[in-house]
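# Report on the structure
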Amino acid sequence: MDKTKWKNRAKNVWMIFLIVIVGSIVSALLTAFYYGFGSTEGGIGEKASQVLRTATQMTMPNVYLGGGGINTNVFFTMNMDFHIGKQLGRENKGLGRLHGKMFFHQLTVNREWADGQYDVKLYFLHPHSVETQPEREQSFYKETLDETFETLKILPEGTVSEVAITFDQLYDLDDVYDLLEGYEFDIVWYAIDTGVEGDGDPHRSPYLSANSGILGFHERSIFDLSGGNGSIETRGEGQKRADAFKRGLHLLAENEKLANRYVWYMEEDKTLEERYHFVEENGVKTYGVVVTGPTKELLALQENDFIIYATLGEVDFWNWYSRPASGTIYN
């Protein structure tokens, strides 16, 4: 009797073990199928990955998502892991890792910053908002502008920096290249007017950056959103960049619930759909850009009246050259 009883118990254990194994395999296959792996057009998984990349690069000045990937698990869960970086001078600086997890259409995101936090230093003002401010506030903006250039003057010549500059009015992208012609630095991020930034709302801070609902695009996102066109001039072809921005904004508007799970503060203003329609009707116009390059080259911008505000981001040792070889080891 005891022998038979132990045999039955062993048989039950093996049956449960086989059910778990088979169930896990079936669950993994269904999960991969659900998230669209193997689909020529990409599925939910690829769409979520695109939303994360686009939302990061459009809402955080000079920040982008780089190398990484997505993988499905069991029971309809999927993990995403990406490198967070920025361009400083001619080098790409690591800022941390972004970890995303999906359960069906529910997205949770955790950003693991390299220094435990990300300090927001790049701020813009909208020129229409500045015009409505009292003279005392405008004097303060001018004082900040002068302090930024004074800091660039003090910094050693053998350094590179990043600066967010605000223009005196809205400009088409091609006009920006004319304004900044002859300077040796890279334009890495563009702040775009979407009908919210300069509306004069007294309850909203005039300072625009990664923590205030700003929208723009990073140069690296052009190739993600170029619609199959793999080449673009370094300075020029503003219409191609404008079209890429509209495609990115349309992607976020189509997946607004998913985007708002990541960039939650976007819900405080107009919807992404409303912003997209505004840009469609009024065109893609910028009120400022982030530039990075030799510190003294950025200092030369001081002579221009079309810059009404500027903030200094990070500074690093000289790297304004092309290395013959480079690489990154993550673990």
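Just so it is clear, the structure is predicted and the values come from calculations on it, not from any experiment.

Conventions we followed
Residues numbered from 1 in each chain as written. Predicted model: local features only at pLDDT ≥ 70, side-chain atom pairs only at ≥ 80, totals over all residues. Heavy atoms only, no water. 1 Å grid on protein atoms, 1.4 Å probe; cavity = no way out; pocket = protein on both sides within 12 Å on 5 of 7 lines; lining within 4 Å. Points joined across faces, edges and corners; volume = space filled by probe spheres on them. Nonpolar A, V, L, I, M, F, W, Y, C, P; charged D, E, K, R; others polar. Core = buried A, V, L, I, M, F, W, Y, C linked by side-chain atoms within 4.5 Å. Buried < 20%, exposed > 50% of the residue type's maximum accessible area, 1.4 Å probe, protein only. Helix = DSSP H or I, 4+ residues; strand = E, 2+ residues; numbered from the N terminus. Contact = heavy atoms within 4.5 Å. Expected span 1.5 Å × (residues − 1). Arc of directions from axis to C-beta.

What follows covers empty space enclosed by the protein. Counted by the stated rule, this structure contains 3 cavities of 30 Å³ or more. Roughly 80 Å³ of internal volume is contained in the largest cavity. Around the largest cavity sit P61, K86, Y118, D119, V120, K121, L122, E162, S209, A210, G313 and E314, which together line it. Of the residues assigned to the lining of the largest cavity, the class counts are 5 nonpolar, 2 polar and 5 charged.

Okay, the nonpolar core next. Membership of the largest hydrophobic core comes to 64 residues, with the highest contact counts inside it found for I165, L180, I187, V289, V291 and L301. Examining the composition of this core, we find that 7 residues originate from one element, helix α7 (residues 238-254), more than from any other. Sequence-distant contacts of L180, defined by excluding residues within four places in its chain, comprise I165, F185, I187, R235, V289, V291, L301 and F306. Grouped together as the second largest cluster of nonpolar side chains are 11 residues, L122, F124, V188 and A191 included.

Looking now at helix α4 (residues 135-154). Taking 1.5 Å of rise per residue, the 20 residues of α4 would be expected to cover 28 Å, and the 29 Å separating its terminal C-alpha atoms lies within 8% of that figure. Residues Y141, T144, L145, T148, F149 and L152 constitute the buried set of α4. Angularly, the buried residues of α4 cover 125° about the axis, an arc narrow enough to put them on a single face. Among the exposed residues of α4, those pointing more than 90 degrees away from its buried face are E135, R136 and I154. Along its buried surface, α4 packs onto α3 (127-132), β5 (159-172), α10 (295-299) and β9 (307-317).

Glancing now at the layout of surface pockets. Rolled over the atoms, a probe sized like a water molecule indicates the empty space that remains. The calculated volume of the second largest pocket comes to roughly 280 Å³. What lines the second largest pocket is a set of 14 residues, and nearest its centre among them are Q87, D186, I187, E219 and T234. Top contributing element to the lining of the second largest pocket by residue count: strand β6 (residues 186-192), with 3 residues. Across the lining of the second largest pocket, the residue classes tally to 5 nonpolar, 3 polar and 6 charged.

Spatial relationships are all this shows, so hold off on functional conclusions.
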